[in-house]
Amino acid sequence: MEITTDGLKFSYNDSPLLNGIDLTVPKGEILAIVGPNGSGKTTLLKNISGILSPEVGSVYLDMTRLPELSMTELARYLAVVEQEREIGFDFTVREIVALGRLPHRGRFARETSVDKQWITEAMELTNVAPFAERSIRELSGGEKQRVFLAMTLAQNPRVLLLDEPTTYLDINHQLQIMEIICQQAAAGLTVLMAIHDLNLAAQYANRVAILHQGRLLAIGRPADVLTEVNINQAFQVDVAVGKNPVTNSIYINTVPTQLTRPTALGKLHIICGGGSGAGVLHALVDRFSLSVGVVSPLDSDFQVAQYLGAKLVTEAPFAPISTRAYEANLVTMRSSDGVVICETPFGPGNLLNLRAALELESKTSIYVLNPEVIEERDYTGGQATKLIRQLVSSGAVPVNGVRELRRRLVSRYQNTDCSVNRRSQSSQERALKAPGR
Amino acid sequence: MKRKRTCSRKSVFVVLLVLTVPTLLAGVAIGPVHIPILDTLSYLVGRGVSIDGSPSVSYLIISQIRLPRVLLGLLVGCALAISGGTMQGLFRNPLASPYVLGIASGASTGASLVILFNLRGALFLPLGAFIGGLMATGIVYRLAQERSKKTSVYTLILAGVAVGALFSAVTSFTIFLCSGSEKITDVIFWTMGGLGRANWAYLHVLTPVVALGSIVLIAFSRDLNALSMGEEGAFHLGIKPETSKRIMLGVAALLTSSAVAFAGTIGFVGLIIPHIMRLIIGPDHRFLLPTTAIAGAIFLIWADLLARTVASPAEIPVGIITAFLGAPFFLYLLKMKGARM
């Protein structure tokens, strides 16, 4: 069944909550409505479910206007899962699920075998059958929400509305609920859900609509709608949109507000890779303008650096560092106020990063994290160890751990007036926009 | 932990129905005047006329005093318990009772005014109480109605308390005006509740009311189940919450007012019996309401039997007995089950 709204307007106490909403959800689609608190998500759902009547515009299920349906018809076509429900008495799980059959049964009719079958199936689909005889009030939030979902499935609706069904659930239960909804949508159920979690929306919805001040700011495929610009406009937060390597759907990261602080103490170049740089980057990003190199885009340090807005010198994955990258790295290092060598495993591929450091004129501005344990991460048959020792003996500063590193760097650069301290705005912008495109 | 239902729904029904028979018999057979059980049975099937054609005293006691009284107990117990169960379901609160809408106070006011103004006649007292009860409910309902014509259960409860207090004040004032005369005893006894005024005329009025009212409430029991999902939840299950609520409140108020009109304000039946039945067969109102009705009848008949025999020939108001039995049991339930009721 298709949901259509045309120019829905609704206001509460004279303040408009919905200001002309046009949307269509075709059969079998999951449309997620996101938006900040108070943007009108719940009001929109209540207008569509018939709890509230729009002041202007109509809601259609297929081609029928909502008011033309009888109460029973409406309940047979449309079911609703709310955010949270408090049940007054000790109903058993099965009794609650059985309520879903009410619209299919007369006032005095008893449960038929068809009813029983729907109830059993709904309980099995949602995996609540094992505690069918337990009281609803003994269950955890996640179990309860599955029971309510089972009730709506027993209702056998064509359209399912969900109002933040996963808000109070842990991640495991969130996924369980969303998976069940996806299965049902695949079988033809039309799903419209208001949801807070942008990443769940991106992962499970076919389309996403952003509701902002009673209007649809954008509607379309998650990747087209959940952009930095749209999210910033709706939620007033800076985010970085990336791609989830596991699910291949986009995902949204908030960017710490401190990133936008303009004054950095100095520019630091970080030699890292294989995850060794993440901690260092996070520890330094609030006080320094950072660059990283040479890393490959497959490296987790690359992704961290990117989100933190660091300048990157890159090389293709699994390729040894080319002369071009080596030179670029050297240029970046030379323009930095200091260089940090992380506890990176060194192999033939990235050994050149150490050689580049050795080319620097002022070795005293090189900081080496825990140089005494270099042998353990030396995969070059001793060459990396030799280079590190050479660096330290020619003046590089060995530091013991990230905290000490930060302390020493801050105290050193706080007192010096570094020539080019301005953090490059362009690198930051690039990082915010780069992935997911 | 699996939820334990000690007995199946069917067996609860059967047990209750079977218990009704000895309860009725005991109610009729036992009393301050000793009447052999065999005589009682023969009177009940209509053979109570002595050889000279005039009815025996024992026959009159059975047919004009005990039988109407037991039947009144049956109807009143039934009405109060099923109304209580309905109110608890509607308010989604196990502490609600049939009197939550101020019916008891309203009825007391009505009855006390009738006594104050010396209105004689068999049906004046019940009529006054009935009108008072319904008036209180009407005011409470009106007060709780919002601009949107919806009623919030919380406002209903609060309005019930406030209106109840107002009517109690009127009753107290009436009692104050009655002081010094014999009327004061009448008023006080009326407010304590009892089945002592039972007669066939009462039964003719009350029987159809209780029968019809109970049938309507049982017919709406599935709405009550849906309403436990909240009013919006019920709406999504195809129930019109406002309509269902209005009908059930109206019928429950009617039942309660009628019961109170003939028997005074008997407490605890409408609070305790739905509770006990909910513990035994669970909260599904389709089974809860009918079993509650039967159990309420049985409970009130036995309570009345105690009321008129423990201090015989004197008679204790039955409200005292129900409270004596009900209150400790209620406390026990609260202790055992806590908030989980």
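All figures in this text were calculated on a predicted structure; none of them were measured in a lab.

A. Structural context of the interface of chain A and chain B. Taken together, the contacts link 25 residues of chain A with 24 residues of chain B. Elements represented by at least two residues in the side of chain A that touches chain B include exactly α2 (71–77), β6 (78–81) and α3 (93–99) of chain A. Residue contributions to the side of chain A that touches chain B peak at 4 residues, all from α2 of chain A. Within the side of chain A that touches chain B, the residues separate by chemical class into 13 nonpolar, 5 polar and 7 charged.

B. Summary view of the environment of A261 of chain B. Inspection of the secondary structure assignment puts A261 of chain B in helix α11 (residues 241–263). Those residues in contact with A261 of chain B, other than ones at most four positions away along the chain, are A107, P126, A129, F130 and G133 of chain B.

C. Fine view of the sheet that holds strand β9 (residues 207–212) of chain A. Residues and elements named next belong to chain A. What the 6 strands build is an open sheet, ordered β6-β7-β8-β3-β9-β10; its pairing is mixed. Of all strands in the sheet, those with a lone pairing partner are β6 and β10 (215–220), marking the two edges. Neighbour to neighbour, the strand axes of the sheet diverge by 15° on average, direction disregarded. Of the strand pairs in this sheet, strand β3 (residues 30–34) and strand β8 (residues 190–194) are connected by 4 bridges, and their pairing is parallel.

D. Quick peek at the pairing of strand β13 (residues 266–271) of chain A. Residues and elements named next belong to chain A. Of all the 6 residues making up β13, 6 are buried; the element is thus mostly covered by neighbouring parts of the structure. Of the two faces of β13, both are covered, the one formed by G266, L268 and I270 as well as the one formed by K267, H269 and I271. Pairing of β13 with strand β14 (residues 288–295) involves 5 bridges; the strand directions are parallel. Its bridge partner lying in β14, I270 is registered against V292. A crossover links β13 with its parallel partner β14, the connecting element being helix α10 (residues 278–284), and its sense is right-handed. By the bridge criterion, 4 bridges tie β13 to strand β16 (residues 338–341) in an arrangement that is parallel. When the bridges of β16 are listed, I270 appears paired with V340.

E. Broad picture of the confidence of the model for chain A. Looking at chain A as a whole, its pLDDT mean stands at 85, while 92% of the residues score no less than 70. With pLDDT under 50 throughout, residues 418–437 of chain A is counted as low confidence; its partners more than four residues away or in other chains account for 33 contacts.

F. Structural detail: the packing of helix α3 (residues 57–90) of chain B against α11 of chain B. Residues and elements named next belong to chain B. Packing of α3 against α11 leaves a shortest axis separation of 9 Å and a crossing angle of 150°. The orientation of α3 with respect to α11, classified from their angle, is roughly antiparallel. The element α3 and its partner α11 pack so that their crossing is left-handed. Contacts from L72, V76, A79, L80, I82, S83, T86, M87 and L90 in α3 reach K245, M248, L249, A252, L255, T256, S258, A259, F262 and A263 in α11. Considered class by class, the residues forming the contact of α3 with α11 number 14 nonpolar, 4 polar and 1 charged.

G. Representation of the nonpolar core within the structure. Counting residues in each nonpolar core, the largest one holds 234 residues, and the members touching the most others are V97 of chain A together with V76 of chain B. In terms of residue count, the dominant contributor to this core is α3 of chain B (16 residues). Residues within four places of V76 of chain B in sequence aside, it is in contact with L195, A259, F262, A263, I266 and L300 of chain B.

The rules behind the values
Residues numbered from 1 in each chain as written. Chains lettered and ligands numbered in written order. Predicted model: local features only at pLDDT ≥ 70, side-chain atom pairs only at ≥ 80, totals over all residues. Contact = placed C-beta atoms within 7 Å. Helix = DSSP H or I, 4+ residues; strand = E, 2+ residues; numbered from the N terminus. Nonpolar A, V, L, I, M, F, W, Y, C, P; charged D, E, K, R; others polar. Pairing = 2+ DSSP bridges. Axes fitted to C-alpha atoms, helices over the stretch in contact; angles between N-to-C directions. Buried ≥ 20, exposed ≤ 12 C-beta atoms within 10 Å, placed from the backbone. Right-handed = clockwise from strand over helix to strand, strands pointing away. pLDDT = per-residue confidence, 0-100. Parallel < 35°, antiparallel > 145°, perpendicular 65-115°, else oblique. Left-handed = near helix turned anticlockwise from the far one by under 90°. Core = buried A, V, L, I, M, F, W, Y, C linked by C-beta atoms within 7 Å.

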